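Results of the structural survey
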There are 2 protein chains.
Amino acid sequence: MKPESRKEEIIRAASILFKEKGYSAVTMRDLAKAMGIKAASLYNHIQSKQEILSTIIIDLAEEFTSGMNQIVISDKNATEKLENIISLHIDVTLRNSDGLASLNNDWMHLEEENLQYFEKMRQDYEESFRDIVKKGIEEKEIKSFNVEIIVFSTLSTLRTLYLWYPKQNNIDASILKRDMISVLLKGIV
Amino acid sequence: MKPESRKEEIIRAASILFKEKGYSAVTMRDLAKAMGIKAASLYNHIQSKQEILSTIIIDLAEEFTSGMNQIVISDKNATEKLENIISLHIDVTLRNSDGLASLNNDWMHLEEENLQYFEKMRQDYEESFRDIVKKGIEEKEIKSFNVEIIVFSTLSTLRTLYLWYPKQNNIDASILKRDMISVLLKGIV
DNA sequence: GTATAAAACTAACAATTGTTAGTTTTGTTT
DNA sequence: AAACAAAACTAACAATTGTTAGTTTTATAC
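This text gives an overview of the structure that appears in the document.

Conventions we followed
Residues numbered from 1 in each chain as written. Chains lettered and ligands numbered in written order. Predicted model: local features only at pLDDT ≥ 70, side-chain atom pairs only at ≥ 80, totals over all residues. Heavy atoms only, no water. Helix = DSSP H or I, 4+ residues; strand = E, 2+ residues; numbered from the N terminus. Buried < 20%, exposed > 50% of the residue type's maximum accessible area, 1.4 Å probe, protein only. Contact = heavy atoms within 4.5 Å. Lys, Arg positive; Asp, Glu negative; His and termini not counted. Charge placed at Lys NZ, Arg CZ, Asp CG, Glu CD. Least-squares fit on C-alpha atoms with pLDDT ≥ 70 in both. 1 Å grid on protein atoms, 1.4 Å probe; cavity = no way out; pocket = protein on both sides within 12 Å on 5 of 7 lines; lining within 4 Å. Points joined across faces, edges and corners; volume = space filled by probe spheres on them. Nonpolar A, V, L, I, M, F, W, Y, C, P; charged D, E, K, R; others polar. Near = heavy atom within 4 Å. Polar contact = N/O pair within 3.5 Å; in protein donor to acceptor, adjacent residues only side chain to side chain. Expected span 1.5 Å × (residues − 1). Bend = angle between axes of the 7 residues up to and from the residue. Axes fitted to C-alpha atoms, helices over the stretch in contact; angles between N-to-C directions. Parallel < 35°, antiparallel > 145°, perpendicular 65-115°, else oblique. Buried area = accessible area lost by both parts, 1.4 Å probe. Phe/Tyr/Trp six-rings, centres within 6.5 Å; stacked < 30°, edge-to-face > 60°. Lys NZ or Arg CZ within 6 Å of the ring centre and 35° of its normal.

1. Regarding the overall build of chain A
Secondary structure summary: chain A contains 9 helices and 0 strands in total. The helix and strand sequence of chain A, counted from the amino end, reads α-α-α-α-α-α-α-α-α. Reported as C-alpha extents along the three principal axes, the dimensions of chain A are approximately 60 × 40 × 30 Å. Considering chain A as a whole, with its 189 residues, one finds that 51% of them fall into the buried category. Long-range contacts, defined here as pairs at least 24 residues apart, represent 70% of the contacts in chain A between residues at least 6 apart. When the 25 basic and 29 acidic side-chain charges of chain A are each reduced to a single mean position, those positions are 5 Å apart.

This is the structure in structure tokens:
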């Protein structure tokens, strides 16, 4: 592993604080104290508080976008694609559960350009998800429930993993994947 | 319907703003502007910003606590109890989806006394939920999956209803209940 | 119409906010 | 040890924050 730059350390510390109190309630002085330095010193490494937020969120959103795109173009049936989506969410959650709090709760504090970029990615992601479910229903792989409800209920669980996973003591990733697939898919497929 | 007091109007307006930007990012001047008055005038009706937040959250939490307690003591099997929990969440969401945003995302900004009170209620709620699922598994009503995962996945969906429901155009409550019960329970029972 | 209560207003406060400028310290390379 | 870059510091700023005090307007009751 290459050593973490000071900037990356700051972003990681910020992710933890943002998770605890939300972006708006965390001050640069809070963040500095967590780093053991003064607030002004942070600006040797970052440009603004906003840059920290956008780095956290956009990086994660691009990870999901890229992962989803690979799943979409893959030569799999709907059920397997849904399994891969579950797997994607679990992988990202294990790697960066703190950052996901910002993605879920503080995206609206992004500024103009990044806000639009983020909203586009989220919309495309949901669209891809919906299309996979629709295809699955057409192919009789998935039960013919209301599509919106299936997408919503599945996605809401996956999106909330970041809150739940850290409270479980070291549940194994592969076991988690198997169980999540059971609970989320066995009901609808 | 009895007319809404000025204080209730303020709390309702605050719920909407808190949902959009979170408690910390909403200023008393924002809230005043939404009410068409000056910030100082708000204080003729409320004691503090904190009072608004705690009113929104504690009222809702008590509603859930009371609803859950009735379900727990009822003479129903586990499946029926879970159906009633789903129904409870949908009812509360239809009545006050804005306030639920604060309950879900801004509870950590409650101050000492109310924070403890809230956390106790939430803990008890989850405990009751878990007990119902456990009992259901013992009675062979519910499949023997990991209890934590069942509770987490179901509850995460119910807790996120407040975000999803307002975007659906007037989906009927009874239809929603039937479909949610299908999607959430058919997989595990 | 005069008195009373409700609800708005103006003006200001002390504290906190993100950020900048300029300087000093720390650590590494020659 | 001299030079240089990285990373910390102090001090301050302009703007914004929740809130208070005191006053005026608006609506209701007698």
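2. Description of the relation of the copies chain A and chain B
Of the transformation placing chain A onto chain B, the axial shift is 0.0 Å and the rotation is 180°, giving an RMSD of 0.0 Å. Both copies are brought into coincidence by an operation consistent with a two-fold rotation axis. A share of 100% of the interface residues of chain A reappears at the interface of chain B, consistent with the copies meeting face to face through the same patch.

3. As for the layout of surface pockets
Left-over empty space is what a probe sized like a water molecule reveals as it rolls over the atoms. All names here are of chain B. Volume-wise, the second largest pocket comes out at about 470 Å³. Around the second largest pocket sit 15 residues that line it, and Glu4, Glu8, Ile11, Arg12 and Asn96 are the ones nearest its centre. Looking at the lining of the second largest pocket, the element that brings in the most residues is helix α4 (residues 49–73), giving 5 residues. Looking at side-chain class alone, the lining of the second largest pocket contains 3 nonpolar, 4 polar and 8 charged residues.

4. A closer look at the protein's contact with DNA strand C
DNA strand C sits among 16 residues. The nearest are Thr27 and Tyr43 of chain A together with Lys38, Asn44 and His45 of chain B. Taking the atoms of DNA strand C that fall within 4 Å of the protein, sugar and phosphate contribute 60% of them. Note that a phosphate oxygen of DNA strand C is positioned 2.5 Å from one of the side-chain N or O atoms of Tyr43 of chain A. Contact distances for DNA strand C include 2.3 Å between a base nitrogen and a side-chain N or O atom of Asn44 of chain B. Only α2 (28–35) of chain A together with α3 (39–42) of chain B provide two or more residues apiece to the surface near DNA strand C.

5. Some words on the protein's contact with DNA strand D
Residues in contact with DNA strand D amount to 16 residues; listed here are only the nearest, Arg6, Lys38 and Asn44 of chain A together with Thr27 and Tyr43 of chain B. The sugar-phosphate portion of DNA strand D accounts for 58% of its atoms within 4 Å of the protein, the bases making up the rest. Within the side chain of Ser41 of chain A, one N or O atom sits 3.0 Å away from a phosphate oxygen of DNA strand D. Note that a base nitrogen of DNA strand D is positioned 2.3 Å from one of the side-chain N or O atoms of Asn44 of chain A. Going through the elements one at a time, α3 (39–42) of chain A together with α2 (28–35) of chain B are the ones with two or more residues in the surface near DNA strand D. Residues belonging to the surface near DNA strand D are distributed by class as follows: 6 nonpolar, 5 polar and 5 charged.

6. Quick word on helix α8 (residues 147–164) of chain A
Residues and elements named next belong to chain A. For α8, built from 18 residues, the straight-helix expectation of 26 Å at 1.5 Å per residue is met to within 8% by its first-to-last C-alpha distance of 26 Å. Where α8 bends most, the angle comes to about 25°, and this point is Leu158. Burial analysis of α8 places 15 of its 18 residues in the buried class, which makes it a mostly covered element.

7. Digging into the packing of helix α1 (residues 6–21) of chain B against α4 of chain B
Residue and element names in this part refer to chain B. In the contact formed by α1 and α4, the axes pass within 10 Å of each other and the chain directions differ by 85°. Between α1 and α4, the angle is such that the two are roughly perpendicular. Residue-level contacts link Lys7, Ile10, Ile11, Ala14, Ser15 and Phe18 of α1 to Glu51, Ile52, Leu53, Thr55 and Ile56 of α4. For the contact of α1 with α4, the per-class residue count stands at 7 nonpolar, 2 polar and 2 charged.

8. Topic: the interface of chain A and chain B
Counting residues at the interface gives 30 residues for chain A, matched by 31 residues for chain B. Between chain A and chain B, roughly 2,400 Å² of surface is buried when both sides are summed, and carbon and sulfur atoms account for 72% of that area. Considering only the surface of chain A that becomes buried against chain B, Ile149, Phe152 and Val183 of chain A emerge as the three largest contributors, covering 27% of it. The interface formed by chain A and chain B contains 7 residue pairs in polar contact (both at pLDDT 80 or more). Those elements that provide at least two residues to the side of chain A that touches chain B are α1 (6–21), α8 and α9 (173–185) of chain A. Looking at the side of chain A that touches chain B element by element, the count peaks at 10 residues for α8 of chain A. Taken together, the residues of the side of chain A that touches chain B break down into 14 nonpolar, 11 polar and 5 charged.

9. Points about the packing of aromatic side chains
In this structure the tally under the stated criterion is 8 aromatic pairs over all chains. A ring pair is formed by Phe152 of chain A and Trp164 of chain B, whose centres lie 4.6 Å apart and whose planes are at 10°; its orientation type is stacked. Of this pair, Phe152 of chain A sits in helix α8 while Trp164 of chain B is found in helix α8 (residues 147–164), placing the two residues in two different chains. On the basis of relative accessibility, which here comes to 7%, the residue Phe152 of chain A falls in the buried class. With 5.8 Å between their ring centres and 20° between their planes, Trp107 of chain B and Phe118 of chain B make a pair best called stacked. With Trp107 of chain B in the loop between α6 (97–105) and α7 (112–138) and Phe118 of chain B in helix α7, this residue pair connects regions lying 11 residues apart in the sequence. Residue Trp107 of chain B is classed as buried on the basis of its relative accessible area of 18%. Phe118 of chain B gets classed as buried once you look at its relative accessible area, which sits at 3%. Lying over the aromatic face of Trp107 of chain A, Arg122 of chain A brings its terminal NZ or CZ to 4.5 Å of the ring centre.

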